[in-house]
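Structural overview
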Amino acid sequence: MIVSTREWETARQELLVREKEVMRAHDALAAARRRMPWHAVGDYTFDGPEGRVSLADLFAGRSQLVLYRAFYEEGVFGWPERPCRGCSMIADHIGHLAHVHARDTTVVFASRAPQADIAAMKARMGWTVPWYTITDSFDRDHGVDEWHGTNVFVRGPEGVFRSYFVQNRGDESLGTTWSILDLTPTGRREEWEDSPAGTPQGKPYEWWDWHDGYVDAAPPPEWLEKVEGGIAAFRGCSCGRPGGSGTG
């Protein structure tokens with residue numbers, strides 16, 4: 001159907017109302033996810049490029065771990081050159097991990113294939129995400145022995161805990177910095193989020209950096225100035241929510 005510019009804008013504004021509703025529902029789901037109870041998990045071991053490691057080692061010193069179980073092993077269509085097609089599409093969508101690392105989160109993949117095959121496959125496919133070999137009952141114990149899935153874990157002084165799990169079409173959104181952080185107990189750590197008390201938070205955009213620019217220093221004043229200006233402009237925009245949230 002071809003319409004005038006005015007009619008098109010009217011239709012777009014009507015659709016925007018529905019899109020905002022969906023986005024806010026997504027925010028509410030993420031808030032509920034951040035309040036999921038945790039349960040303790042046992043010791044599991046994996047093979048990595050440097051040898052045998054534990055589940056706790058996969059955190060790489062960070063407090064949160066997002067672990068995607070990819071099907072790459074003998075018997076999977078594409079073996080040994082490639083993982084399954086669906087898991088490969090998900091791997092293709094994983095963004096630069098420096099951004100999630102800046103939010104104290106590590107992302108890894110795990111499969112049953114030996115490390116030598118994984119290294120060759122990653123080189124062939126151009127992937128850099130850390131990829132480990134499952135050596136025990138981890139996949140069976142966490143719902144990913146027969147189908148792909150994403151488990152989220154938290155590490156603390158008292159051990160490792162499972163905080164969330166999603167599979168099937170729930171894995172489709174995995175890949176962007178935002179979708180990954182929305183699975184974790186601390187989320188994006190931005191002040192507009194509805195998070196449990198005590199969650200560290202700051203202004204949206206303030207922590208963003210080039211993927212090769214993250215350091216332990218505070219953001220430069222020039223960037224903070226631009227952040228303030230951008231937030232003020234958003235709050236004054238008719239498309240923004242009163243009070244500004246960074247979510248639209």
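The following paragraphs examine the structure supplied in this document. (Residues numbered from 1 in each chain as written. Predicted model: local features only at pLDDT ≥ 70, side-chain atom pairs only at ≥ 80, totals over all residues. Heavy atoms only, no water.)

Bringing the environment of phenylalanine 77 into the picture now. Tracing the backbone shows phenylalanine 77 in the loop between β4 (64-69) and α2 (85-92). Accessibility expressed as a relative area gives 62% for phenylalanine 77, which makes it exposed. Filtering out sequence-adjacent residues up to four positions away, phenylalanine 77 remains in contact with Arg82, Pro83, Cys84 and Arg85. (Helix = DSSP H or I, 4+ residues; strand = E, 2+ residues; numbered from the N terminus. Buried < 20%, exposed > 50% of the residue type's maximum accessible area, 1.4 Å probe, protein only. Contact = heavy atoms within 4.5 Å.)

Of all hydrophobic cores here, the largest spans 29 residues; its most connected members are Tyr68, Val107, Phe109, Trp131 and Leu174. At the level of secondary structure, the elements contributing two or more residues to this core comprise β4, α2, β5 (105-111), α4 (115-125), β8 (159-167) and α6 (177-181). Of all the elements, α2 adds the most residues to this core, at three residues. With near-sequence residues (within four places) excluded, leucine 174 lies in contact with Val66, Tyr68, Ile90, His93, Ile94, Thr150, Ser179, Ile180 and Leu183. (Core = buried A, V, L, I, M, F, W, Y, C linked by side-chain atoms within 4.5 Å.)

Moving on: the state of the cysteines. A complete count under the given rule lists zero disulfides for this structure. Note on cysteine 84: no disulfide assigned, nearest cysteine sulfur contributed by cysteine 87 at a separation of 3.1 Å. (Disulfide = S-S within 2.5 Å.)

On to a nonpolar patch on the surface. On the surface, Met1, Val3 and Trp8 cluster together into a nonpolar patch covering about 410 Å² of accessible area. Structurally, the position occupied by tryptophan 8 is in helix α1 (residues 5-33). (Patch = residues over 30% accessible without salt bridge, like charges linked within 9 Å, V, L, I, M, F, W, Y side chains within 5 Å. Areas by Shrake-Rupley, 256 points an atom, 1.4 Å probe, with all protein chains shown as cover. Salt bridge = Lys/Arg side-chain N within 4 Å of Asp/Glu carboxyl O.)

Further remarks concern the sheet that holds strand β6 (residues 131-134). One open sheet accounts for eight strands, arranged β1-β8-β7-β4-β5-β6-β2-β3; its pairing is mixed. Each of the sheet's edge strands pairs with one partner strand only, and the pair in question is β1 (39-40) and β3 (51-54). Where β1 lies against β8, two bridges are found, and the strand directions are antiparallel. Paired with alanine 40 across the bridge in β8 is phenylalanine 161. Its contacts with the sheet put α4 on β2 (45-48) and β6, and the angle it makes with β6 is roughly 150°. (Pairing = 2+ DSSP bridges. Axes fitted to C-alpha atoms, helices over the stretch in contact; angles between N-to-C directions.)

Okay, unusual backbone geometry next. Following tryptophan 79, the chain continues to proline 80 via a peptide bond in cis, the omega torsion being 0°. Here proline 80 is to be found in the loop between β4 and α2. Its identity as a non-glycine residue notwithstanding, alanine 60 has a phi of 55°, on the positive side.

All told, the structure shown has 11 salt bridges when counted by the stated rule. Note that aspartate 47 is salt-bridged to arginine 52, the shortest N-O span being 2.5 Å. A salt bridge links glutamate 172 to arginine 169; the nearest nitrogen and oxygen atoms lie 3.0 Å apart. Given the relative accessible area of 64%, arginine 169 is considered exposed.

Along α2, the residues that are buried comprise Cys87, Ser88, Ile90 and Ala91. Viewed end-on, α2 has its buried residues packed into an arc of 160°, placing them on one side of the element. For α2, exposure combined with an orientation more than 90 degrees from the buried face picks out Arg85, Met89 and Asp92. Taken together, the buried residues of α2 touch β4 and β5. (Arc of directions from axis to C-beta.)

Scanning the model with the defined rule gives 11 aromatic pairs in all. For the pair tryptophan 38 and phenylalanine 161, a centre-to-centre distance of 6.0 Å together with 40° between the ring planes defines the contact as tilted. Taken together, the positions of tryptophan 38 in the loop between α1 and β1 and phenylalanine 161 in strand β8 put the pair 123 residues apart, joining distant regions of the chain. Classification of phenylalanine 161 by relative accessible area gives buried; the value is 17%. Aromatic pair tyrosine 44 and phenylalanine 138: ring centres 5.6 Å apart, planes at 85°, arrangement edge-to-face. On the criterion of sequence distance, the pair formed by tyrosine 44 in the loop between β1 and β2 and phenylalanine 138 in helix α5 (residues 138-141) is long-range, its members being 94 residues apart. By the burial criterion, tyrosine 44 is buried, and phenylalanine 138 matches it. Among the aromatic residues, ring-to-ring pairing joins Tyr44, Phe46, Phe138 and Phe153 into one connected group. (Phe/Tyr/Trp six-rings, centres within 6.5 Å; stacked < 30°, edge-to-face > 60°.)

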